[in-house]
Amino acid sequence: MDLSQLAGFAAVSVTLAMTPGADWAYSISAGLRARRIAPAVAGLCAGYLFHTALIVAGLAALIAATPQLLLGLTLLGAAYLLWLGISTMRGWRSAGFTGGGTTPVTAATTTPVTAATTAHEATTAQDTAAGGGSGSLALAVRTPVRSRRAVEGRDFLKGLGTSATNPKALLLYLALIPQFVDADAAMAVPLQSLVLGLAHFTVSVFVYTFVALGARRLLRSRPAAARAVTLASGIIMVALSVVLLAEQGASLIG
């Protein structure tokens, strides 16, 4: 592989990553909803590592050549995208940020935090009376950390599901990467595929991080706009899932 070959692939990769779709919709939703965007972006990009592994192992071509497997993957991806879109749409009214912070103001986050704080205060009072103040302080610190990690874990898995179950991403890899692989090069074809797949992964990390941070920065102090964008993101996900289902239905009928 030479530099001109990598540069050509990079140009195409950036163009594709900049094209709005389900990944963009999830990135925007995460930017408006989550305290940290890193888990969501990491999940999205991990899906591209999954597709890269399939390409390198030669399994992607097998899936694409097997109608039943591809149909199953498409239905799974459409169903997941539909669920994620509906979940996003259901929470659009609570999207928004306070003027001076980055924590989303939602009923879902306010109630558990208040209840947890009350419980910790009560525990602290009891432990203090019994001489166990240090233990209650450790409990009070540990519980929010565990809760935050659980939320971030869910954000990662949602992002992973969004990109890993997207059959269009798999077919995109099949259509794109082979065009830049040189069978006569000194580097083995699987290794070339790995390099190109990792290149697109790197591009995706930067693009989706920029999208999520851009959504947060532009809409932090505009709750009405944040709600509208969140609703639009959910609608886009639902629409894309319907398109996937319609395409498969048309192919079966045809």
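(A) Expanded view of the overall build of the chain. Looking only at helices and strands, the chain has ten helices and zero strands in total. Listing each helix as α and each strand as β along the chain from the N terminus yields α-α-α-α-α-α-α-α-α-α. Taking all 254 residues of the chain together, the buried fraction comes to 35%. By sequence separation, contacts in the chain at least 24 residues apart represent 81% of the contacts at least 6 residues apart. Total accessible area on the chain stands at roughly 13,400 Å², and carbon and sulfur atoms take up 70% of it.

(B) View of the pattern of salt bridges. All chains considered together, the criterion is met by one salt bridge. The partner of R36 in a salt bridge is E152, with the nearest N and O atoms 3.0 Å apart. You can see R36 sitting in the loop between α2 (22-33) and α3 (38-57) and its partner E152 sitting in helix α7 (residues 133-164), a full 116 residues away along the chain.

(C) View of the packing of aromatic side chains. Going through the model one piece at a time under the given rule, you end up with four aromatic pairs. Taken together, a centroid distance of 5.4 Å and an interplanar angle of 80° make the contact between F9 and F180 edge-to-face. Here the residue F9 occupies a position in helix α1 (residues 3-17), and F180 occupies one in the loop between α8 (167-176) and α9 (189-219), the gap between them amounting to 171 residues. Each member of the pair, F9 as well as F180, carries the same accessibility label: buried.

(D) The arrangement of a nonpolar patch on the surface in detail. Residues L49, V56, L191, L194 and L198 make up a contiguous nonpolar surface patch of about 350 Å² in total accessible area. Counting only elements with at least two residues in the nonpolar patch, the list comes to α3 and α9. It is α9 that provides the largest number of residues to the nonpolar patch, a total of three residues.

(E) Structural context of the layout of surface pockets. Empty space within the second largest pocket amounts to approximately 460 Å³. What lines the second largest pocket is a set of 25 residues, and nearest its centre among them are G21, A22, D23, N166 and K168. Secondary structure elements with two or more residues in the lining of the second largest pocket: α1, α2, α5 (67-90), α7, α8, α9 and α10 (223-253). Its residues placed into classes, the lining of the second largest pocket shows 14 nonpolar, nine polar and two charged.

(F) Up close: the nonpolar core. Counting 39 residues, the largest nonpolar core has V207 and Y208 as its most contacted members. Residues contacting Y208, with those up to four places away along its chain left out, are A17, D23, W24, S27, V41, L44, C45 and Y48.

(G) Broad picture of the packing of α3 against α8. Orientation of α3 relative to α8, taken along the N-to-C sense of each, is 45°, at an axis distance of 10 Å. Judged on the interaxial angle alone, α8 and α3 are oblique. The crossing of α3 and α8 is right-handed. Counted together, Y48, H51, T52, L54 and I55 of α3 and A169, L170, Y173 and L174 of α8 form the full contact between these two elements. Counted by class, the contact of α3 with α8 contains seven nonpolar, two polar and no charged residues.

(H) Looking closely at the side chain of S193. Mapped onto the elements of the fold, S193 is located in helix α9. Once residues within four sequence positions are removed from consideration, S193 is found in contact with T52, I55, V56, I177 and V181.

(I) Representation of the environment of F50 in the model. Tracing the chain through its elements places F50 in helix α3. On the basis of relative accessibility, which here comes to 41%, the residue F50 falls in the partly exposed class. The sequence separation of F50 and L170 amounts to 120 residues, and the corresponding C-alpha distance is 9.4 Å.

(J) Region of the structure containing α2. With twelve residues, α2 extends 16 Å between its outermost C-alpha atoms, agreeing within 8% with the 16 Å of an ideal straight helix rising 1.5 Å per residue. Every buried residue of α2 is accounted for by A22, D23, W24, A25, Y26, S27, I28, S29, A30, G31 and L32.

(K) Expanded view of the environment of G249. In this fold, G249 is placed in helix α10. Relative accessible area serves as the criterion here: at 26%, G249 is assigned to the partly exposed category.

(L) The arrangement of the packing of α5 against α8 in detail. One way to put it is that α5 packs onto α8 with a least axis distance of 9 Å and a crossing angle of 130°. By the criterion of interaxial angle, the relationship of α5 to α8 is oblique. Contact residues: L70, L73 and T74 in α5; P167, L170 and L171 in α8.

Cut-offs and rules
Residues numbered from 1 in each chain as written. Predicted model: local features only at pLDDT ≥ 70, side-chain atom pairs only at ≥ 80, totals over all residues. Heavy atoms only, no water. Helix = DSSP H or I, 4+ residues; strand = E, 2+ residues; numbered from the N terminus. Buried < 20%, exposed > 50% of the residue type's maximum accessible area, 1.4 Å probe, protein only. Contact = heavy atoms within 4.5 Å. Areas by Shrake-Rupley, 256 points an atom, 1.4 Å probe, with all protein chains shown as cover. Salt bridge = Lys/Arg side-chain N within 4 Å of Asp/Glu carboxyl O. Phe/Tyr/Trp six-rings, centres within 6.5 Å; stacked < 30°, edge-to-face > 60°. Patch = residues over 30% accessible without salt bridge, like charges linked within 9 Å, V, L, I, M, F, W, Y side chains within 5 Å. 1 Å grid on protein atoms, 1.4 Å probe; cavity = no way out; pocket = protein on both sides within 12 Å on 5 of 7 lines; lining within 4 Å. Points joined across faces, edges and corners; volume = space filled by probe spheres on them. Nonpolar A, V, L, I, M, F, W, Y, C, P; charged D, E, K, R; others polar. Core = buried A, V, L, I, M, F, W, Y, C linked by side-chain atoms within 4.5 Å. Axes fitted to C-alpha atoms, helices over the stretch in contact; angles between N-to-C directions. Parallel < 35°, antiparallel > 145°, perpendicular 65-115°, else oblique. Left-handed = near helix turned anticlockwise from the far one by under 90°. Expected span 1.5 Å × (residues − 1).

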